[in-house]
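Spelled out, the chains give:
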Amino acid sequence: MACRRVGNLVCARGLLTQVAASRGGWDHGPRARLELASLDLASTEPTEIAGAHRALASLIEDAPDSGPARGALRLRLRALDATDPTRSTAIAWLDALAANPRIRRSILIESVLAERAMHVEATGDRTAAEASWLAVVEQVPYPANSHWDDGHLALARLQRAAGRPRDALATLDRMLAVREGSWGNGSYAAPGFDDGALLQAEILRDDLRDPSAAADAYHRVYAEHPTSLRRDDALWEEAALRRGSDPARACRLWRVLAEEYPCRRFAARARAALAGCAGGAAGSRMCEESRR
């Protein structure tokens, strides 16, 4: 009833203020502070917007190891970018955070460094962007670094664009070197590991013109990344590279594509390619989608 009398927004603000001031467990206080700052940031009053910026910066410095600190970082960066599309204001703030000893000792540092690299890259300065992404992968080791995979991928793409494919391959090798098998199914793998393995194969094929090494690299995507959704892409590219030098192996790859991935986009093309192979068409396993 009290909330109805004063209005829902005012009531919510009051409750959030109480929680923000509390010293309860978990991260309820920081979450309430983040919500309050978000409300003020959406205001049309300059004083409330300025207060929201101060509140977000204060939350980050007070509780850098909390989940809400990451949200506060993203929220304030979005607001800074909206008022300064050159990214210079945001980059200056990120530089200050990266120099703060408390931030450097916290888990937030990886996000600060990654956001800085993304902002620098958005300015178009590729040399500075490369240095920034290098800092992301060098200053926070794996597995503590949740940007290990996307940091190396961004760095490798910049090196490739700069005409240094061998540097890009070395970067991707370092990314994938930490990958290890698990005791159960799959592996301890970051989400971008299969993208990195595919990029290696692409560089070997298109930049270094080494079809044999590229074919082997494509096969590793299929063999070493069992949870990847790109395994059939890798098999198709491998078969295309082996077709001229080892047609029997290409036929085996097309058969795997047709039989293991009957509903995927390369299945029909693989079945057509098998017409010219010994043994003819693939088995008659029906695509599950065709039964519906």
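Summary of the structure given here. Only a predicted model underlies this, so the values are computations on that prediction, with no experimental measurement involved. (Residues numbered from 1 in each chain as written. Predicted model: local features only at pLDDT ≥ 70, side-chain atom pairs only at ≥ 80, totals over all residues. Heavy atoms only, no water.)

## Considering the state of the cysteines
Basically, it comes down to this: We call a pair of cysteine sulfur atoms a disulfide when they lie within 2.5 Å. To qualify as a helix, a DSSP run of H or I must reach at least 4 residues; to qualify as a strand, a run of E must reach at least 2; elements of each kind are numbered from the N terminus. Burial classes follow relative accessibility: with a 1.4 Å probe on protein chains only, a residue under 20% of its type's maximum area counts as buried, one over 50% as exposed, and anything between as partly exposed.
Taken as a whole and judged by the stated rule, the model has one disulfide. Disulfide pairing places C251 opposite C277 at an S-S distance of 2.0 Å. Between C251 and C277, the S-S torsion sits near -85°, and that sign places the bridge as left-handed. In this pair, C251 is assigned in helix 15 (residues 247-260) and C277 in the segment after helix 16 (267-273), connecting sequence segments 26 residues apart. Just as C251 is buried, C277 falls in that class too.

## Focus: the packing of aromatic side chains
Here is the rule: Any Phe, Tyr or Trp ring, taking Trp's six-membered ring, that has another such ring centre within 6.5 Å forms a pair; planes under 30 degrees apart are called stacked, those over 60 apart edge-to-face, and the others tilted. As a reminder, the over-ring test applies to NZ of lysine and CZ of arginine, requiring each to be within 6 Å of the ring centre and within 35 degrees of the ring normal.
In total, this model carries three aromatic pairs according to the counting rule given. Between the aromatic rings of Y142 and W148, the centroid separation amounts to 5.7 Å while the plane-to-plane angle is 50°, which identifies the pairing as tilted. With centroids separated by 6.2 Å and ring planes inclined at 35°, the aromatic side chains of Y142 and F193 adopt a geometry described as tilted. Taken together, the residues span a long stretch of sequence, with Y142 in the loop between helix 9 (126-139) and helix 10 (148-161) and F193 in helix 12 (residues 193-207) at a distance of 51 residues. These aromatic residues form a ring-pair network of at least three members: Y142, W148 and F193. Lying over the aromatic face of W93, R76 brings its terminal NZ or CZ to 4.6 Å of the ring centre. Over the aromatic face of W236 sits the side chain of R269, whose NZ or CZ is 5.3 Å from the ring centroid.

The quantities given are spatial measurements derived from coordinates; they are silent on function.
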